[in-house]
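Chain by chain, the residues run as shown.
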Amino acid sequence: MIDTIYIEEALKDHPRTHAIIKRLRPTHIISIERYSEIFNRKKQNFRIQKRNPALILAQKNNRLVLPTPEGYGISTQKNYYFSHMLNCLYDCRYCFLQGMYSSAHYLLFVNFEDFTHEIEMTIQQENEPVTFFTGYDCDSLALENVTHFAHEFLPLFARHPEHLFELRTKSINIKSLLQTEALKNVVVAFSLNPNTVINALEHKAPSAEQRLKAMLDLANHGWPIGLRFDPLIDHIDYQKNYSTFFKQIESTIPEASIHSVSIGPVRFPAEMYAKIAQLYPQEKLFASGLKKRGQMVSYTQEREQELTFFARTQLGRWISDHKFFTCLPEAA
Amino acid sequence: MTRPQFTSRGQVHLVMALSLEAQPLIKALKLKRDRNTKAFPLYMNNTGNISLVVSGKGATNCAAATNYIAGMSSDAPHAAWLNIGVAGHASATLGEMFFATKIESTYETNSFHPTIRRNLGLPGATILSVSNPTPEYPSGVCVDMEAAAFCQNVKRFAATELIQCLKIISDNQEKPWTDFDTKTLPTLFDQNMPNIATFIEELLHLSNIEAEQNVLPGYYQELTQMWKFSQTQDHQLQKLLRRWETLEINDSPLRTFDATSLNRNAFLETLEKHLDTIQLKL
């Protein structure tokens, strides 16, 4: 799967580095001074790199925990996120990561202890419950077999039951969660779409059925489940496709296991959209229905409202009102 | 030896230091000398998508040759580049071929990291480029005289992922370069030809993917013959026609909108409005 690992010189003897090499047994191990030698350099081609990404093991020294952008959150007033990794195993055509970096390599920060420390410091400074999101710059669980991220961070989450933690994923890599006693303050939030959308736009990601099965296993084990319909994709027959999918979820996941639901139509910051559309000029998603509105590229306001209203109404038939949140970064 | 057959239609430029190194490739790839090119010996295949330039030894020659070829083929930004040559190594077997995973030099501060392609069965190695032949064989690296100059120059006009280097070991500590007989060069390249060909095929394939991404959309020629568009409008036209093509609309936009009754501005506006009404079909 990953045949090349770049390792920062200072991390060559790090125990996590050794463990990852043992797990992956890469063909090539290449030593570097700093990850910036490899990652996000000028004249790199994201599209070609994405065909065979390498793994970079690096250390992140600052800005380990950051406030979330305006408009994101589930239940608490204050929200933070942290990214132990940049880039994703999957290749979703609507993902902002395609326009964020010129590299598709997976950049893994192995200094988990520093993240832990900064999360603890952030908690100390807050007088109220806050939410920490993971999976903003990567999928939280997709590379769990390699990183052991969830496995290593669950004890931290368990120490702070008054705060909320979200693992955002499309992955069915849930073994480490099933081997642990469920934590009520950790939401395993699945990004969801019907198979029509998955097949067209979420390349390399598990099918809707596989995700539902993973969600059910987690729910049965006691983990709170998040449903994330973000982004909703407008398409011919969207009502039929989403409606069938929503019914599939309803018949699979008990309402009591659902912690929260968020809904958000597809949106891109305009600058990022330009980069992504240039990377994939023959992509259908970018050929239909998206318009620049202020600093964002999105569907028209009417279309967004129609999509959101449809999803909200359908899901609202069986999921309590207080569980719904909308994820919409500012548009004009 | 059977001649390599390439199925991909991309473009690749091969840069080699010595004529004796290049001869086996010229023969295997059926390249012909381009007599119009005087500055460096340049060879091309009959479809024009593989070129080979013989630069001469050392960084300066290599840089000059790559820049020269880049200038001649500036209409192919999707072209891949490959430097093939010989190198010394402390312990590797003579004739063994490596692909570069990292390129350093004694005269450049920046190292270069070619993106590693799928495992093609070749060993990877760091290449250290030096200014002059050296009796030193640092442990674990291939020592050459061109790779760093090649990469540092080519990266100005090609994506990093389309730049690669292959090095065949010509000398080592046991049999140093001072004992090397250049007449053996063709044999070193001949015996590695299957792997070289596989590598070139991979680069042609990547280059082809890049070329296809940027191909001009259908109806573009017809429309630009009909109207003269400003640069901004031309850009807009290409975008709109690409959307038209991507959404798999079968009819020509010229027939759909009766282009003869519109001016260019009205045409672009009508085309855009029409595309905006089309819902995505997955």
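Given the structure is predicted, the values throughout are model-derived calculations rather than measurements. (Residues numbered from 1 in each chain as written. Chains lettered and ligands numbered in written order. Predicted model: local features only at pLDDT ≥ 70, side-chain atom pairs only at ≥ 80, totals over all residues.)

1. Brief notes about the overall build of chain B
Per the secondary structure count, chain B includes nine helices and nine strands. Its C-alpha radius of gyration of 24 Å places chain B more than 25% over the 19 Å reference for a compact globule of 282 residues. Referenced to the eigenvectors of the C-alpha coordinate spread, the extents of chain B come out at roughly 80 × 35 × 35 Å. Buried residues in chain B amount to 39% of all 282 residues. Intrachain contacts of chain B at a sequence separation of at least 6 include 74% that bridge at least 24 residues. (Helix = DSSP H or I, 4+ residues; strand = E, 2+ residues; numbered from the N terminus. Rg over C-alpha atoms; globule rule 2.2 N^0.38 Å. Buried ≥ 20, exposed ≤ 12 C-beta atoms within 10 Å, placed from the backbone. Contact = placed C-beta atoms within 7 Å.)

2. Overview of the confidence of the model for chain B
The predicted coordinates should not be examined in detail at positions where pLDDT is low. Residue and element names in this part refer to chain B. The predicted model of chain B has a mean per-residue pLDDT of 92, with 97% of residues at 70 or higher. Within chain B, no element has a lower average pLDDT than helix α8 (residues 253-256), which sits at 86, and none a higher one than strand β8 (residues 141-144), at 98. Interface scoring of the predicted complex returns ipTM 0.89; its pTM is 0.93. (pLDDT = per-residue confidence, 0-100.)

3. Structural notes on the sheet that holds strand β3 (residues 55-58) of chain A
All names here are of chain A. Here five strands make up an open sheet; going across it, the order is β2-β1-β3-β8-β6 and the pairing mixed. For this open sheet the edge positions go to β2 (28-32) and β6 (85-86), each flanked by a neighbour on one side alone. Note: strand β1 (residues 4-8) against β3, three bridges, orientation parallel. Counted as the bridge partner of Tyr-6 is Ile-56 from β3. (Pairing = 2+ DSSP bridges.)

4. Considering the pairing of strand β14 (residues 258-265) of chain A
Residue and element names in this part refer to chain A. Burial analysis of β14 places eight of its eight residues in the buried class, which makes it a mostly covered element. As paired strands, strand β13 (residues 225-232) and β14 are joined by six bridges and run parallel to one another. From the neighbouring strand, Phe-229 faces β14, where its bridge partner is Ile-263. Taking the sense of rotation as the criterion, the β-α-β connection linking β13, helix α10 (residues 238-252) and β14 turns out right-handed. (Right-handed = clockwise from strand over helix to strand, strands pointing away.)

5. Side note on the packing of helix α7 (residues 231-246) of chain B against helix α9 (residues 264-276) of chain B
All names here are of chain B. Running from N to C, α7 and α9 cross one another at 35°; their axes reach a closest spacing of 10 Å. Seen from above, α7 lies across α9 with left-handed handedness. The residues of α9 that touch α7, namely those facing Gln-233, Gln-236, Leu-237, Leu-240, Arg-243 and Trp-244, are Arg-264, Leu-268, Leu-271, Glu-272 and Leu-275. The residue makeup of the contact of α7 with α9, split by class, is six nonpolar, two polar and three charged. (Axes fitted to C-alpha atoms, helices over the stretch in contact; angles between N-to-C directions. Left-handed = near helix turned anticlockwise from the far one by under 90°. Nonpolar A, V, L, I, M, F, W, Y, C, P; charged D, E, K, R; others polar.)

6. A few points about the sheet that holds strand β17 (residues 296-298) of chain A
Adjacent strands of a sheet pair through backbone hydrogen bonds, lying either parallel or antiparallel. All names here are of chain A. Reading across from one edge, β15-β17-β16 is the order of the three strands in this open sheet, with antiparallel pairing throughout. Of all strands in the sheet, those bounded by a partner on one side alone are β15 (267-269) and β16 (291-293). Averaged over all adjacent pairs, the angle separating strand axes in this sheet is 30°, with direction ignored. Pairing geometry for β15 and β17, over three bridges, is antiparallel.

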